Amino acid sequence: MEPRLTDIVRVVFILIILISAGLSENDLDWKFCGTWRHGNDSPSLKLNLSPGCSMMSISATGSTLSIDGQITAQCRQSDVILLKDLGIGSGEETHFCLYWEPLLDQLKLQVNQTKEEGGEVGGKNLTLCWPASVQGSCCTDLSDGPNTSEAAYGIMNAIVKNDFVTSKIRTAYKFDAHSIDCKALCSQESQGSTQVNIAKETAVMSWDGVHIQHPCARSYEVEMKKDFRGENVISPATRGVSAESNTTVFLPPALKKAAKNTSKVVCTFFKNNSLFQDGHRKNRVLDDVVEINVGNEVITDLSEPIKIDFYHDVLPEKYPRKCVSWDTRKDPLQVNWLVDGCETKLRGAKHTECLCNHLTYFTVLVQMEPRPVRHLLALTAITSLGCAVSVISCIALIIFLCKKSKRSKEQSIPIHLGLAVSLALLNLLFFFTGVLANGVGESMCSWVGASLHYTLLSSFTWMGIEIFYTFWMVYLIFSPSPKPYIWNLIGFVLPAVPVIILAAVGDIYGVRKVVPSDDIHNPYLMCWMTTTYSALLAHYFTNMTVLVILVSSGIVMLFLVYRKIRTRDEWRQNRVAFFSIWGLSCLFGTTWGLTFLDFGPLSDFILFLSCTLNSFQGFLLMLRFFMLDRMRKQAGGSSLGSTSTGSTRQHMLQAQEKS
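Since we're looking at a predicted model, the values are computed, not measured.

Asks: How should I be thinking about the nonpolar core in this particular structure?
Replies: Nonpolar side chains in soluble globular proteins tend to end up buried together. Counting residues in hydrophobic clusters, the biggest one holds 46 residues, and the most contacted among them are Leu397, Leu423, Ile508, Tyr509 and Met529. Only α4 (376-407), α5 (413-439), α6 (442-475), α8 (496-505), β28 (509-514), β29 (524-529), α9 (533-565) and α13 (617-635) provide two or more residues apiece to this core. Sorting elements by how many residues they give to this core places α6 first, with 14 residues. Beyond its immediate sequence surroundings of up to four residues, Leu423 is in contact with Cys394, Ser459, Met463, Gln617, Gly618 and Leu621. Counting residues in each nonpolar core, the second largest holds 32 residues, with Phe96, Cys139, Val160 and Ala177 among its members.

And the structure:
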C-alpha cells in the first residue's frame, strides 16, 4: 500500500504543477537592477549576445560589467564600451537597470552614475538590441539560476522585476530562459475585436525603411465612404478591464476631405510597449499608444480634430498629464514626444481626452517629477518686477542711510545698511538668474547659483540680526551693544561658510529646471541648486533650517519685547516705536513664514502672496524707513529717532530712571 500511496501523491503533485503552470501567465517583460561596485580605473561594459533561448548572465568585476546570453531571436552583439566615453563611470559605484522585452526582441540598458549621498547624475540609455521582427517564438520567463560567492567588487542591491534580492556584493547573476509562442503572450494583453475590419494581426511600424513588427499590436481598417460622417474605433478588450474603459478614437468627417489618394484609414493600438518610452525617468508614457495613418499621406491642420479618449489608472493631481504626438520624420529612431498639434482635456482622474489636428502616434505623457508649478509665467513676471523695484529701492535706502550716518551716531545704522546691501544683491542676482542660466555654461551657472545661495543666507542672517538687535536694546537695557564689525562678520562672513563647503562637495549648484504645469516640455531655467539628492539635503539643512529659526525666534523675541514695554505709558504714546517693532514682525516674519503654508486649497493664493511680498521686500524695507523718518520729523525728533533701536534704548533708560 505504501508504494501505491507514494505513486498517488506523486501524480497529484505533478497535476498541481501542470495546472498551476497552465494558469500562470508568462512574463511580458523583465527587468534587473543593481549597483555595480567597481574601481576608478575606466570601467567598461562588455557585451556578448547571440540568438537562442537558454540563459542570461550579468557579471561584474572591478573594471568590467559583462552581459552575456542567448535570449534573442535575431540580435548578435559583441562589443566593449568604455563608460568614460559616455561621461559616466568616474566614481566607485554605478547604478544600472537591464530591460528585456521578448515581443520586440529588444534589450535596453540604463546606466546612472551614483554618489555617496544617494544622488544620480550622468544617466545614459543604451539600446543593446534594437527591436526586430519576431519569427514566432519569444524567449521569456527568466528564472534565477545558481548564486555566486561574495566579493569586494561586483553587483549589490540587486532587484529582479520589483523584488529585492540581496544587498550583498556578488560577482554574477545567472537566469535561465524558456521559449514560448509569441502569440501566447499576445493573448495575455488583448482579446476580442471591434466593429471595424481587422487590417492585420501584426502591426508593422515603418520608420525610414526600418520595419518593426509588434505581434501584440492590433490594427483596424476603416473605409471612408462618400457619405462618411465620422466613426468610432475602439481598442481590443483588455483582460480584467471593462469594455467602457478601452481607448476610443473618433475619426471626424474632415479626415475624408483631407485624404486625397485613399479612402482607408488604419488605427493601430499598442499596449505595454517600452519601445515608446523616451528613457527619461521624469516622464512616463501610459500603457496605450495609438497610431493613425492614411496610407503614406501626411495629414496636418485638420479643420475638425481627431478625438482620442484614453482611460488609465487613477493619477494624483500633482502628476500632470499631457496629450503628445511623435513626429517620426525628424528622427525615426529617437523617441521625442511633442505637445504641438494636440489639446488636452482632463475628464477625471482616470480619463484623458486628446484633440489632435494631424496623424501620427499619440499617447498621454505623465510628468512624474519634479513637482510642476502652476501659473509659472505670472509668478515669473511678478518676481521680475518685484526684484527690479527692490534693487532700486535698496540703492535709494543705502544712499539715505549713508547720509544719515554722517549726522547721527546711531549704532543700528550699520545693521540697516547690511540688510539693504544683502537684499540688493539677492534681488539683483535673482532678476538675472534666468538670463544667466541660458547664456552661460554649466560651470559658470554653478558659481552664479552659489552666489545666489550666499546672498539668500546673508539676507536671512541680517533679518535675524535686525530682530535680535531690537530685542537686545529693549529687553537687555544695561547690556553693552556689540561693535559694528561683529555684526558684519555675522552677516557677511558666516553665510559664506556653508556655501563654500557645499561648493567643495560638488553637484550642489548648477542649472535648475522649474517645470510649468501648462507646458511641461518648456521648463524655466535658473542658476540655483540642482535636483540631486545631495542638493535637496543641502536645501533643507541650510535654507529651510535658517528660515525656521528666523521665523520662530523672531516671534519669540518680539513677544518678549512686547511684554517688556506694554505696561509703560511712554511706549503706549510712542507710535513710531510701536510701528518699528511690529513692522519688523510683518516684514521679516510673515512674508517668509508663508512658505510653510503652501498646501491645500489656498496653495495658489499663498504662492502668489508669498511671491509678491518677498520679491517686493526691498521696496517694503525702504518704505518702512522713509515712513518712520517722516513720522519722526512730524513728532519733532532730533535724530534718526525710532527708526533705530538706539533711540529705543534711550527711551527705555529714561523710563527706568523715572521708575
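Still more ground to cover, so stick around.
Asks: When you look at the packing of aromatic side chains in this model, what are you seeing that I'm missing?
Replies: Think of a pair of aromatic rings as described by two things: how far the centres are apart, and how the planes are tilted against each other in angle. Inspection of every chain in the model, using the stated rule, returns 14 aromatic pairs. Ring plane angle 90° and centroid distance 5.0 Å describe the contact between Phe431 and Phe432, whose orientation is recorded as edge-to-face. On the accessibility criterion, Phe432 (38% relative accessible area) is partly exposed.

Asks: For this particular structure, what's the right way to read the pairing of strand β12 (residues 172-181)?
Replies: Taken residue by residue, a regular strand's side chains alternate between the two faces of the sheet. Here strand β3 (residues 55-60) runs beside β12; their pairing, made up of five bridges, is antiparallel. Opposite Met55, over in β12, you have Asp176 as the bridge partner.

Asks: Looking at this structure, I do not really get α5. What am I missing?
Replies: Each α-helix winds once per 3.6 residues, and so residues spaced three or four apart point in a common direction. Between the first and last C-alpha of α5 there are 38 Å, a value that for 27 residues agrees with the 39 Å anticipated at 1.5 Å per step. Of all bends in α5, the biggest is about 50°, found at Thr433.

Asks: Honestly, the state of the cysteines in this entry has me stumped. Any pointers?
Replies: Two cysteines joined by a covalent bond between their sulfur atoms form a disulfide. Tallied over the entire structure, the rule returns six disulfides. At a sulfur-sulfur separation of 2.2 Å, the disulfide partner of Cys53 is Cys139. As the torsion about the S-S bond is roughly 90°, the Cys53-Cys139 disulfide counts as right-handed. Here Cys53 is found in the loop between β2 (44-51) and β3, whereas its partner Cys139 is found in strand β9 (residues 137-144), with 86 residues between them in sequence. Look at Cys53 and you get partly exposed, because its relative accessible area is 28%.

Asks: Just checking my understanding: could you explain a nonpolar patch on the surface for this structure?
Replies: On the surface, a nonpolar cluster with roughly 530 Å² of combined accessible area is contributed by Tyr533, Leu536, Leu537, Tyr540 and Phe541. With a relative accessible area of 41%, Leu536 lands in the partly exposed category.

Asks: Would you take a moment to explain the confidence of the model for the protein for this structure?
Replies: Regions with low pLDDT carry predicted coordinates that are not meant to be interpreted in detail. Per-residue pLDDT for the protein has a mean of 76; in total, 71% of the residues score no lower than 70. Per-element mean pLDDT across the protein ranges from 39 in strand β13 (residues 197-200) up to 93 in α8. Ignoring residues within four places in sequence, the model shows residues 5-23, a span with pLDDT below 50, making zero contacts including any to other chains. Residue range residues 637-659 is modelled with pLDDT below 50. Its contacts to residues more than four positions away, or to other chains, number 56 contacts.

Asks: Explanation requested: the sheet that holds strand β4 (residues 64-72) in the structure shown.
Replies: Strand-to-strand pairing in sheets goes through backbone hydrogen bonds, with the strands running parallel or antiparallel. Read across the open sheet, the six strands follow the order β5-β2-β4-β3-β12-β9; overall the sheet is mixed. Pairing within the sheet leaves two strands with one partner each, and these edge strands are β5 (77-82) and β9. On average, each strand axis in the sheet is tilted by 15° relative to the strand beside it, whichever way the strands run.

Asks: Could you clarify how one ought to interpret the environment of Glu466 in this entry?
Replies: Counting through the fold element by element, Glu466 comes out in helix α6. In the structure, Glu466 is positioned 50 residues away from His416 in sequence and 7.5 Å away in space, judged by C-alpha atoms.

Asks: Any chance you could explain the pattern of salt bridges here in plain terms?
Replies: Side-chain pairing between opposite charges can occur once the charged atoms of the two side chains come close. Enumeration according to the criterion identifies four salt bridges in this entry. For Glu221, the salt bridge goes to Lys264, with nearest N and O atoms at 3.9 Å. Of this pair, Glu221 sits in strand β16 (residues 218-223) while Lys264 sits in strand β19 (residues 264-271), and the two are 43 residues apart along the sequence.

Asks: What exactly am I supposed to notice about the sheet that holds strand β26 (residues 351-356) here?
Replies: Judged by pairing direction, the sheet is antiparallel, and its five strands sit side by side in the order β17-β18-β22-β26-β25 without closing on themselves. Of all the strands in the sheet, just β17 (231-234) and β25 (342-346) have a single pairing partner and so form its edges. If you compare each strand with its neighbour and ignore which way they point, the axes differ by 20° on average.

Asks: Looking at this structure, how should I read the environment of Thr352?
Replies: Turning to its location among the elements, Thr352 is positioned in strand β26. Among the residues examined, Thr352 registers a relative accessible area of 0% and is labelled buried. Here the alpha-carbon distance between Thr352 and Ile308, two residues 44 residues apart in the chain, equals 8.4 Å. Those residues in contact with Thr352, other than ones at most four positions away along the chain, are Ile308, Asp309, Phe310, His312, Arg321, Cys323, Thr344, Lys345, Leu346 and Val364. Within the structure, the side chain of Thr352 is placed 2.5 Å from the side chain of Arg321, a separation counted as a polar contact.

The rules behind each value
- Residues numbered from 1 in each chain as written.
- Predicted model: local features only at pLDDT ≥ 70, side-chain atom pairs only at ≥ 80, totals over all residues.
- Heavy atoms only, no water.
- Core = buried A, V, L, I, M, F, W, Y, C linked by side-chain atoms within 4.5 Å.
- Buried < 20%, exposed > 50% of the residue type's maximum accessible area, 1.4 Å probe, protein only.
- Helix = DSSP H or I, 4+ residues; strand = E, 2+ residues; numbered from the N terminus.
- Contact = heavy atoms within 4.5 Å.
- Phe/Tyr/Trp six-rings, centres within 6.5 Å; stacked < 30°, edge-to-face > 60°.
- Pairing = 2+ DSSP bridges.
- Expected span 1.5 Å × (residues − 1).
- Bend = angle between axes of the 7 residues up to and from the residue.
- Disulfide = S-S within 2.5 Å.
- Patch = residues over 30% accessible without salt bridge, like charges linked within 9 Å, V, L, I, M, F, W, Y side chains within 5 Å.
- Areas by Shrake-Rupley, 256 points an atom, 1.4 Å probe, with all protein chains shown as cover.
- Salt bridge = Lys/Arg side-chain N within 4 Å of Asp/Glu carboxyl O.
- pLDDT = per-residue confidence, 0-100.
- Axes fitted to C-alpha atoms, helices over the stretch in contact; angles between N-to-C directions.
- Polar contact = N/O pair within 3.5 Å; in protein donor to acceptor, adjacent residues only side chain to side chain.

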